[in-house]
Amino acid sequence: AQKVTQTQTSISVVEKTTVTMDCVYETRDSSYFLFWYKQTASGEIVFLIRQDSYKKENATVGHYSLNFQKPKSSIGLIITATQIEDSAVYFCAMREDNYAQGLTFGLGTRVSVFP
Amino acid sequence: EAGVTQSPRYAVLQEGQAVSFWCDPISGHDTLYWYQQPRDQGPQLLVYFRDEAVIDNSQLPSDRFSAVRPKGTNSTLKIQSAKQGDTATYLCASSFRDRGWTEVFFGKGTRLTVV
């Protein structure tokens, strides 16, 4: 069975700095997909970025990037040049590729960005 | 393009009452998911459909919960006799296909409080 663990409950950062969030996962499959989602104060969940297990290059979208360390089963999210609007809860999620299924989420990390 | 629509946005019940949640997925999305998100936790998959067929309902808490998607479009999640432990946000999500990297889009959720 797959499992996703986010150990950081909350992180506070000053605006325009970089924040890094950790996520480790467990899977028996050799092919899988890792995702980061953001949940805003209104409750809306928005997809941010994805990493395919077979790709060695770290994914980057805008000011979001990933630190994918496959031997450690780790997929960190890095947000550079943070803005107040980045304050939210960030969820790591995964899906194995071998059969139909939903996403498995971690508990989330709350990020607060202060001026 | 309209997103995933859910109603109602909020519900407050006494224990023992029944409640139904309604979801309209993104047009053309064949896969629909229902997630339960307790406070300060990540979403947890309850059930999901591909078209009108239930693919996985193994995580539905008990026979008090049921979900249908009769025409492969809209879906209803029902709780027959609510308990305080059912207090959570219920999220509907949809995607085109349910394999691999396909992006999953979430609705804004229904926040249920059982008193």
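Residues numbered from 1 in each chain as written. Chains lettered and ligands numbered in written order. Predicted model: local features only at pLDDT ≥ 70, side-chain atom pairs only at ≥ 80, totals over all residues. Heavy atoms only, no water.

A. Representation of the state of the cysteines in the model. Under the definition given, this model contains two disulfides over all chains. Linked covalently through their sulfurs, A:C23 and A:C92 form a disulfide whose S-S length is 2.1 Å. Handedness of the A:C23-A:C92 disulfide follows from its S-S torsion of about -75°: it is left-handed. Note that A:C23 is positioned in the loop between β3 (19–21) and β4 (24–26) and A:C92 in strand β10 (residues 88–96), a separation of 69 residues in sequence. No difference in accessibility class separates A:C23 from A:C92, as the two residues are buried. Residue B:C23 pairs covalently with B:C92 via a disulfide, S to S 1.9 Å. Linking B:C23 and B:C92, the disulfide has an S-S dihedral of approximately -70° and is accordingly described as left-handed. Linking B:C23 in strand β3 (residues 19–24) with B:C92 in strand β9 (residues 88–95), this pair joins segments that are 69 residues apart in sequence. On the basis of relative accessibility, which here comes to 0%, the residue B:C23 falls in the buried class. (Disulfide = S-S within 2.5 Å. Helix = DSSP H or I, 4+ residues; strand = E, 2+ residues; numbered from the N terminus. Buried < 20%, exposed > 50% of the residue type's maximum accessible area, 1.4 Å probe, protein only.)

B. Examining the layout of surface pockets more closely. In this structure, the largest pocket spans a volume of roughly 770 Å³. In terms of lining residues, the largest pocket is bounded by 34 residues, among which A:Q39, A:R110, B:Q37, B:R39 and B:D40 are the most central. Going through the elements one at a time, β10 and β12 (109–114) of chain A together with β9 and β11 (110–114) of chain B are the ones with two or more residues in the lining of the largest pocket. Top element by residues in the lining of the largest pocket is β11(B). It accounts for four residues. A volume near 420 Å³ is recorded for the second largest pocket. Around the second largest pocket sit 19 residues that line it, and A:L103, A:T104, B:Q44, B:L45 and B:Q59 are the ones nearest its centre. (1 Å grid on protein atoms, 1.4 Å probe; cavity = no way out; pocket = protein on both sides within 12 Å on 5 of 7 lines; lining within 4 Å. Points joined across faces, edges and corners; volume = space filled by probe spheres on them.)

C. How the structure looks around the confidence of the model for chain B. Confidence along chain B averages 93 in pLDDT terms, with 98% of residues attaining 70 or more. Within chain B, the lowest mean pLDDT, 91, falls on strand β6 (residues 53–56) of chain B, and the highest, 98, falls on β3(B). (pLDDT = per-residue confidence, 0-100.)

D. Local environment of the nonpolar core. All names here are of chain A. Core analysis: the biggest nonpolar cluster contains 25 residues, and M21, Y25, W36, I49, I75, L77 and Y90 have the highest contact counts within it. Elements with a contribution of two residues or more to this core: β2 (10–14), β3, β5 (32–39), β6 (45–52), β8 (64–69), β9 (74–79), β10 and β12. Per-element tally for this core: the top contributor is β10, with four residues. If sequence neighbours within four positions are ignored, I49 has contacts with L34, F35, W36, A59, T60, V61, Y64, S65, L66 and L77. (Core = buried A, V, L, I, M, F, W, Y, C linked by side-chain atoms within 4.5 Å. Contact = heavy atoms within 4.5 Å.)

E. Broad picture of the interface of chain A and chain B. With 23 residues of chain A in contact, the opposing surface of chain B contributes 22 residues. Between chain A and chain B we count five residue pairs in polar contact (both at pLDDT 80 or more) in total. Looking at the side of chain A that touches chain B, the elements that each hand over two or more residues are β5, β6 and β10 of chain A. Residue composition of the side of chain A that touches chain B, by class: eleven nonpolar, seven polar and five charged. (Polar contact = N/O pair within 3.5 Å; in protein donor to acceptor, adjacent residues only side chain to side chain. Nonpolar A, V, L, I, M, F, W, Y, C, P; charged D, E, K, R; others polar.)

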